[in-house]
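Close look at the chain arrangement
What follows is each chain in one-letter form.
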Amino acid sequence: MKAQEKLFQPVHISFEEGTIEQYLDTIQSQIGTGFVYSSAITPHRQVTITKGVYKVNYLLDSLFSEQSVLYIERRGQIILSPQSPSSIENDKVIVKGRVTGRKGQVIPFATIYIQNKSLGTISNAEGVFKFVLPSRFTNDTLTITSLGYKNKQISPDQYLTNELEVKLEVENYVIRDVIVRPVNPVDIVKGSFNARGKNYATKPTVMNAFFRESSKQDENYISLSEALIEIKKNSYTNEKSDLIRFVKGRNGTNITQSELVNLVVEGGLYNGLRLDVAKYGSYFYNEQLESECDYKLHKTIIYGNRQTYVIKFVAKEGIKYPGYNGTLYIDAESLALVRAEFELGRDGIRYARSLLVKKAPRGYRVKPVHARYEVEYRFYNNVWNLHYARSDFGIKVKKVRGKENKGFSCDFSSTSEFVITGISDTTKLKIPFRELSKPSDVLVEQVKNTPGNFWLEDNVILPEEPLLSTIRKLQLEGELPKDDAMMTKDD
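Residues numbered from 1 in each chain as written. Predicted model: local features only at pLDDT ≥ 70, side-chain atom pairs only at ≥ 80, totals over all residues. Heavy atoms only, no water.

1. Describing the sheet that holds strand E3 (residues 34–36)
What holds strands together in a sheet is hydrogen bonding between their backbones, with the strands either parallel or antiparallel. Taken in spatial order, the three strands line up as E3-E7-E6 in an open sheet, and their pairing is mixed. Looking at strand neighbours, the two that pair on one side only are E3 and strand E6 (69–74), the edges of this open sheet. Strand-to-strand twist of the sheet, defined as the mean angle between neighbouring strand axes without regard to direction, takes the value 30°. Alignment of E3 against strand E7 (residues 77–82), held across three bridges, turns out to be parallel. By the bridge assignment for E7, phenylalanine 35 is matched with isoleucine 78. (Pairing = 2+ DSSP bridges. Helix = DSSP H or I, 4+ residues; strand = E, 2+ residues; numbered from the N terminus. Axes fitted to C-alpha atoms, helices over the stretch in contact; angles between N-to-C directions.)

Okay, here's the thing in structure tokens:
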């Protein structure tokens, strides 16, 4: 109400021509409210306005008739936040920035969110992010965090006026209160698995997510698929699998530069969702933990301002199926699994070929060389929630038969990732059977491109520069719809 009173108060303008700064000073002198803005606002631009009495919001509309600006009152000040026209129409604010360390090193896949809200996103491999925030949340503090770094709090007067350059500081662990737990890491992992009922949602939820798959031949991107999806997530104590509804997507291929048109590797929406170890478990994370792995309590760190166990595990020699090596991050107080990183060991790769490579081009020999996975959870609504998952595959390819290009070889890599961008208010959503994605579905076959401004103001993971260049090329060739709101780094 106070914000409305300030923006709707009348002010008297006694001159017909002046700079934006002069008009703002006049408003401030009459209503007692200052303005906060960045260099994106040009205060010395000349404006002509007829003398008279105007409400503050109408006067601001006249001052910024050539620029889309959102007005937000906070703590006795009015923040002038430049926005795209579409975001203002949709009552949203676009926050942009880059996350680095103190020495300028890129921090990839940092989490950006509003405290205690389900809305969030992550930075890309170059630390760059775009976060679409409903205007009703613009009084809230933005939080940026990454494993091994201190949480960074960003106030609205910073993120609403400037493109952010966020520098995170390394988290140094100082022992204070001591939580007594069994020192046996196997007991910690078993306890974590058995504590899922109190640490994760016990009721169904509906999650909105952004999903991307891309593949490269050597250093050249050859395919891209992106989608917005809805996940009907069952309770973590319920054995029923989660359900996925494909909302919209797009894809493009650069197959003219690729020999690997028919190579299909593990991927798809459901495979990404199965990385939710806390929900589906694994032979390295369950209540029995038989003799497949060796566990070691590596160290204790602060993760998200909470004391966290770092437990390393290694697949034992001689097991006759794909074995993983990796790291589990377990909250010391609640025993919640908050992050997991794992990959197939050298012996495990040998057993996993048929699982990783679904289809190979005729006349080619394929050899998987790595398969890496990670999954992360975020705490809000008093429980830990799935937040981000990523998988990376690397395959050596060699042509052994055929008249053309015999002896050709290359490195093929494929990456898929998704981030939970929000949780719907309703948990009663029923997905019609005909709209359900199936585990056998291939994303590239589900996608039907939508032209023009494809993502609008949806939260997505921004592409890094090499992928961005490929996207621009595919757009020029008509293989991808143009999407200026997302695909230019200057936007």
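Structure shown, so let's carry the discussion forward.
2. Here we look at helix H6 (residues 185–194)
Taken as a whole, H6 has its buried residues at Pro185, Ile188, Val189, Ser192 and Phe193. The arc enclosing the buried residues of H6, seen along the axis, measures out at 135°, which places them on a common side. Taken together, the buried residues of H6 touch helix H7 (196–199), strand E19 (293–303), strand E20 (306–315), strand E21 (324–331) and strand E22 (337–344). Its side-chain oxygen 3.0 Å from the backbone nitrogen of valine 186, asparagine 184 forms the N-cap of H6. (Buried < 20%, exposed > 50% of the residue type's maximum accessible area, 1.4 Å probe, protein only. Arc of directions from axis to C-beta. Contact = heavy atoms within 4.5 Å. Polar contact = N/O pair within 3.5 Å; in protein donor to acceptor, adjacent residues only side chain to side chain.)

3. Description of the sheet that holds strand E9 (residues 111–114)
Across the sheet, four strands lie side by side as E10-E9-E12-E13; this open sheet has antiparallel pairing. This sheet does not close on itself; its edge strands, each paired only once, are strand E10 (120–122) and strand E13 (152–154). Neighbour-to-neighbour, the strand axes of this sheet turn through a mean angle of 20°, independent of strand direction.

4. Section: helix H2 (residues 20–31)
The terminal C-alpha atoms of H2, which comprises twelve residues, lie 17 Å apart, in line with the 16 Å expected from a rise of 1.5 Å per residue. When H2 is considered as a whole, its buried residues turn out to be Ile20, Tyr23, Leu24, Thr26, Ile27 and Ile31. End-on view of H2: buried residues confined to an arc of 155°, all on one side of the axis. (Expected span 1.5 Å × (residues − 1).)

5. Here we look at a positive patch on the surface
On the surface, Arg362, Arg365, Lys398 and Arg401 cluster together into a positively charged patch. Structurally, lysine 398 is set in strand E25 (residues 383–399). For lysine 398, a relative accessible area of 42% corresponds to the partly exposed category. (Patch = residues over 30% accessible without salt bridge, like charges linked within 9 Å, V, L, I, M, F, W, Y side chains within 5 Å. Areas by Shrake-Rupley, 256 points an atom, 1.4 Å probe, with all protein chains shown as cover. Salt bridge = Lys/Arg side-chain N within 4 Å of Asp/Glu carboxyl O. Lys, Arg positive; Asp, Glu negative; His and termini not counted. Charge placed at Lys NZ, Arg CZ, Asp CG, Glu CD.)

6. Examining the packing of aromatic side chains
Counting across every chain of the model gives 17 aromatic pairs. Ring plane angle 65° and centroid distance 5.7 Å describe the contact between tyrosine 200 and tyrosine 377, whose orientation is recorded as edge-to-face. Taken as a pair, tyrosine 200 in the loop between H7 and strand E15 (205–217) and tyrosine 377 in strand E24 (residues 364–380) lie far apart in primary sequence, 177 residues in all. Here the two residues tyrosine 200 and tyrosine 377 agree in accessibility, since each one is buried. Chaining the aromatic ring pairs together yields one cluster made of Tyr283, Phe284, Tyr295, Phe313, Tyr324, Phe342, Tyr373 and Phe393. A cation over an aromatic ring shows up here: arginine 196 above the ring of phenylalanine 193, its NZ or CZ 3.9 Å from the ring centre. Its end group placed over the ring of phenylalanine 379, arginine 306 keeps NZ or CZ at 5.6 Å from the ring centre. (Phe/Tyr/Trp six-rings, centres within 6.5 Å; stacked < 30°, edge-to-face > 60°. Lys NZ or Arg CZ within 6 Å of the ring centre and 35° of its normal.)

7. Concerning unusual backbone geometry
The phi dihedral of aspartate 218 falls on the positive side, at around 55°, and the residue is not glycine. For asparagine 382, which is not a glycine, the phi torsion comes out positive at approximately 65°. On the secondary structure map, asparagine 382 appears in the loop between E24 and E25. With a relative accessible area of 67%, asparagine 382 lands in the exposed category.

8. Focus on the pairing of strand E11 (residues 128–134)
In terms of residue burial, E11 counts as a mostly covered element, since seven of its seven residues are buried. Where burial is concerned, the two faces of E11 agree: the one with Val128, Lys130, Val132 and Pro134 and the one with Phe129, Phe131 and Leu133 are both buried. Sheet topology places strand E8 (residues 92–101) next to E11; seven bridges connect them, and they run antiparallel. What sits directly across from isoleucine 94, in E11, is valine 132.

9. Considering the side chain of threonine 327
With respect to the element layout, threonine 327 can be found in strand E21. A polar contact of 3.3 Å, which involves the side chain of threonine 327, links it to the side chain of lysine 312. Dropping the residues within four chain positions of it, threonine 327 is found in contact with Val310, Ile311, Lys312, Phe313, Arg339, Ala340 and Glu341.

10. Section: the packing of H2 against helix H3 (residues 56–63)
Between two packed helices, both the angle of their axes relative to each other and the distance between the axes serve to describe the pair. Between H2 and H3, whose axes approach to 11 Å, the crossing angle comes to 170°. On the basis of their axis angle, the class for H2 and H3 is roughly antiparallel. On H3, the residues touching Ile20, Tyr23, Leu24, Ile27 and Ile31 of H2 are Val56, Leu59, Leu60 and Leu63. Class assignment of the residues belonging to the contact of H2 with H3 gives a composition of nine nonpolar, no polar and no charged. (Parallel < 35°, antiparallel > 145°, perpendicular 65-115°, else oblique. Nonpolar A, V, L, I, M, F, W, Y, C, P; charged D, E, K, R; others polar.)

Take it as geometry only, folks, not as evidence of what the structure does.
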